[in-house]
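Take a look at the letters that make up each chain.
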Amino acid sequence: MNIALVGLSHKTAPVEIREKLSIPEERIENAIAQLCKYSHIEEAAILSTCNRLEIYVVVNQIDRAAQQVTEFLCEYSKLPFADLQQYLFTLLQQDAVKHLMQVASGLDSLVLGEGQILAQVKHTFQLVQQYNQGERILNQLFKQAVTTAKRVRTQTSIGTGAVSVSSAAVELAQIKVEKLSACRVTIVGAGNMARRLVQHLISKGATQISIVNRSVERAEELANQFSDAGVQYYPLAELMSLVATADLVFTSTASVEPLLDKAKLKAALQPEQPLMLVDISVPRNVDADVNELPHVRVFNVDDLKTVVAQNQESRRQMAIEAQALIQEDLEAFQTWLRSRETVSIISCLRDKLEKIREQELEKALSRMGSDFAKKHQEAVEALTLRIINKILHEPMVQLRTQRDVEAQRLVLQVLQELFNLDTPEVQSSFVAQTSSLSISTVEIAAKNINVAQVNREHYKVAQMRLESIEVHAKVEEVIAQSVT
């Protein structure tokens, strides 16, 4: 099986495209089920945040599966392929794995080192466990990504003093308004980003803060966390009256429809009344037509890039340290993935040899007759078991620890063909052409030697000539050792 990633982010797509592809949590399960109905997709996971939508899939045919994910995105966003394609990126195998580790560690965030993304990746991991039952590849991938991100945050200073989207939004507001401490501020929403907005506003001297939210209970709970600052809370029905008296409004909700538009604001505001809106939601809570109002200034998450750019340079060295840790964990995951691919072939090979052993042992014991003592029968059975185990031990160890992916897959394919093993998973994951290889390739693969420079032209011929003196000599040696 192969890992593929198809997605878009703040680096590749503007907010007006990202909001069309944002998948709310209540639609994640249905989206995963839809993806897994495609013929070439075995597992799927969706990471959907304000700055990215990334779909991770385990597939049996990379090119076709990537095309199927793109088809899904076009259908979901109602965007034609020609319009959407330019914003998408595709990563395969270890590139996809490394990217997820970087994302979870905050290295691919709009704000380098921000920590909120780790919580979002953790949540996606929980959904993966919920919707992809069993010890499957995406479970392990997201588990490893979360572990890696924790290492990065504890073993480097990447998260120390890092700004978040919320703090960057407050900083932007501080730059744009004359005096933040004198502003009447309204925050729409009561989630984690809203909580961070309140924190940073208070630290910048804001004293007139109101929270409005669909759930009054959540708004009250958030306001109570800052009771010393006199934060007020209101139901969503009071939104327009609060906006009408505000100087500065932040929006941070999960609404899929705009909460503020040109018509609502035109009706609520006095003629030429100034207002600043900072919308850090995706999909946007503020409709694009608000920009047509001459006295209303609107900023969204894409406008934060100039603010956070000042923070980036000082953190680049920390990012280099983090990349070294990510590389270590990437290799660990690749080792796990390679060992997983060998399980079916090893199991099939052992089962086949065990079946042969049992059949031949039964024939031998029947020829010896009833006079052959039971203790001798047990000794002979133990002998045959030892022979099988010793023959298999060294090749299996070498197969599990092979670091060259192509070499390992070549060995698996040779074993499958040589012993006529029914292992479709190995067959589907084998990348190289299997119609041709030279005799030297097969001999090298049988000995588990690096095959990177091997010519792959006469495989079928080589298979018929694989019966080498060295292989027979090795088996004879093992049998002799077991008997003595």
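Because the structure is a prediction, the values reported are computed rather than measured.

Conventions used here
- Residues numbered from 1 in each chain as written.
- Predicted model: local features only at pLDDT ≥ 70, side-chain atom pairs only at ≥ 80, totals over all residues.
- Heavy atoms only, no water.
- Helix = DSSP H or I, 4+ residues; strand = E, 2+ residues; numbered from the N terminus.
- Buried < 20%, exposed > 50% of the residue type's maximum accessible area, 1.4 Å probe, protein only.
- Contact = heavy atoms within 4.5 Å.
- Areas by Shrake-Rupley, 256 points an atom, 1.4 Å probe, with all protein chains shown as cover.
- Pairing = 2+ DSSP bridges.
- Axes fitted to C-alpha atoms, helices over the stretch in contact; angles between N-to-C directions.
- pLDDT = per-residue confidence, 0-100.
- Salt bridge = Lys/Arg side-chain N within 4 Å of Asp/Glu carboxyl O.
- Core = buried A, V, L, I, M, F, W, Y, C linked by side-chain atoms within 4.5 Å.
- Arc of directions from axis to C-beta.
- Parallel < 35°, antiparallel > 145°, perpendicular 65-115°, else oblique.
- Left-handed = near helix turned anticlockwise from the far one by under 90°.
- Nonpolar A, V, L, I, M, F, W, Y, C, P; charged D, E, K, R; others polar.
- Expected span 1.5 Å × (residues − 1).
- Right-handed = clockwise from strand over helix to strand, strands pointing away.
- Phe/Tyr/Trp six-rings, centres within 6.5 Å; stacked < 30°, edge-to-face > 60°.

A. Just the overall build of the protein chain, in detail. Looking only at helices and strands, the protein chain features 20 helices and 10 strands. For the protein chain, buried positions account for 48% of its 484 residues. Counted over contacts in the protein chain with a minimum sequence separation of 6, partners at least 24 positions apart contribute 71%. By element, 50% of the accessible surface of the protein chain is carried by carbon and sulfur atoms, the whole surface being about 23800 Å².

B. Examining the sheet that holds strand E2 (residues 41-49) more closely. Spatially, E2-E3-E1-E4 is the arrangement adopted by the four strands of the open sheet, whose pairing is antiparallel. The open sheet has two edge strands, E2 and strand E4 (89-92), and neither has a second partner. With strand direction ignored, the average angle separating the axes of adjacent strands in the sheet is 15°. The pairing of strand E1 (residues 2-9) with strand E3 (residues 52-59) spans eight bridges and is antiparallel.

C. Spatial organisation of the confidence of the model for the protein chain. The predicted model of the protein chain has a mean per-residue pLDDT of 81, with 83% of residues at 70 or higher. Least confident of the elements in the protein chain is helix H18 (residues 439-446), whose mean pLDDT is 34; most confident is strand E8 (residues 248-251), at 96. The low-confidence segment residues 424-473, where pLDDT is below 50, has 86 contacts with residues more than four positions distant or belonging to other chains.

D. Examining the pattern of salt bridges more closely. Enumeration over the complete set of coordinates arrives at 14 salt bridges. The residue Arg18 makes a salt bridge to Asp302 at a minimum N-O spacing of 3.0 Å. Taken as a pair, Arg18 in helix H1 (residues 15-21) and Asp302 in the loop between strand E10 (296-300) and helix H13 (305-312) lie far apart in primary sequence, 284 residues in all. Each of the two residues, Arg18 as well as Asp302, counts as buried.

E. Highlighting the nonpolar core. Among the nonpolar cores identified, the biggest contains 40 residues, and Ile187, Leu201, Phe250 and Ile280 are the most heavily contacted of them. Listing elements by their share of this core, those giving two or more residues are helix H8 (165-176), strand E5 (184-188), helix H9 (192-203), strand E6 (208-213), helix H10 (216-224), E8, strand E9 (275-279) and H13. With six residues, H8 is the single largest residue contributor to this core. Residue contacts for Ile187: discarding those within four places in its chain leaves Ala194, Leu197, Val198, Leu201, Ile209, Ser210, Ile211, Val212 and Phe250. Membership of the second largest hydrophobic core comes to 37 residues, among which are Met1, Val152, Ala322 and Phe333.

F. How the structure looks around the sheet that holds E8. With parallel pairing, six strands are arranged side by side in an open sheet as E7-E6-E5-E8-E9-E10. A single partner strand is all that each edge strand has here, and the edge strands are strand E7 (232-235) and E10. Put simply, the sheet's adjacent strands are angled 20° from each other on average, direction ignored.

G. Just helix H2 (residues 28-36), in detail. Taken as a whole, H2 has its buried residues at Ile28, Ala31, Ile32 and Leu35. Looking straight down H2, one finds its buried side chains confined to an arc of 100°; they lie on one side. Buried residues along H2 sit against E2, E3, helix H3 (62-77) and helix H6 (116-131).

H. The arrangement of the packing of helix H5 (residues 94-104) against helix H7 (residues 137-155) in detail. Relative to each other, H5 and H7 sit at 45°, their axes nearing to 8 Å. Between H5 and H7, the crossing angle belongs to the class labelled oblique. Here H5 runs over H7; the crossing is right-handed. For the pair formed by H5 and H7, the contact residues are Val97, Leu100, Met101 and Ala104 on the first element and Leu141, Phe142, Gln144, Ala145, Thr148 and Ala149 on the second. Along the lines of polarity and charge, the residues of the contact of H5 with H7 split into eight nonpolar, two polar and no charged.

I. Broad picture of the pairing of E1. The buried fraction of E1 amounts to eight of the eight residues, a majority that puts the element mostly inside the structure. What you see with E1 is no split at all: Asn2, Ala4, Val6 and Leu8 on one side and Ile3, Leu5, Gly7 and Ser9 on the other are buried throughout. Of the pairings in the sheet, the one linking E1 to E4 comprises four bridges and is antiparallel in character. Paired with Val6 across the strands is Thr90, a residue of E4.

J. Representation of H9 within the structure. Between its first and last C-alpha atoms H9 spans 17 Å; for 12 residues at 1.5 Å apiece the expected length is 16 Å, and the two agree. Within H9, the full set of buried residues consists of Met193, Ala194, Arg196, Leu197, Val198 and Leu201. Contact partners of the buried residues in H9: H6, H8, E5, E6, H10 and E8. The first or second residue beyond H9 is Gly205, which carries a positive phi of 100°.

K. Representation of the side chain of Arg357 in the model. Along the polypeptide, Arg357 turns up in helix H14 (residues 316-368). Once you skip the residues sitting within four places of it in the chain, Arg357 turns out to touch Glu381, Thr384, Leu385 and Ile388.

L. Layout of the pairing of E7. Summarising the sheet, E6 and E7 pair through four bridges and their orientation is parallel. Bridging across to E7, Ile211 finds its partner in Tyr233. Where the polypeptide runs from E6 across H10 and back to E7, its parallel neighbour, the crossover connection is right-handed.

M. Highlighting the packing of aromatic side chains. On inspection of all chains with the given rule, the structure shows two aromatic pairs. Ring centres of Tyr56 and Phe142 lie 5.5 Å apart, and the angle between their planes is 80°; on these two criteria the pair is classed as edge-to-face. With Tyr56 in strand E3 and Phe142 in helix H7, this pair connects stretches of sequence that are 86 residues apart. With respect to class, Tyr56 is no different from Phe142; both count as buried.

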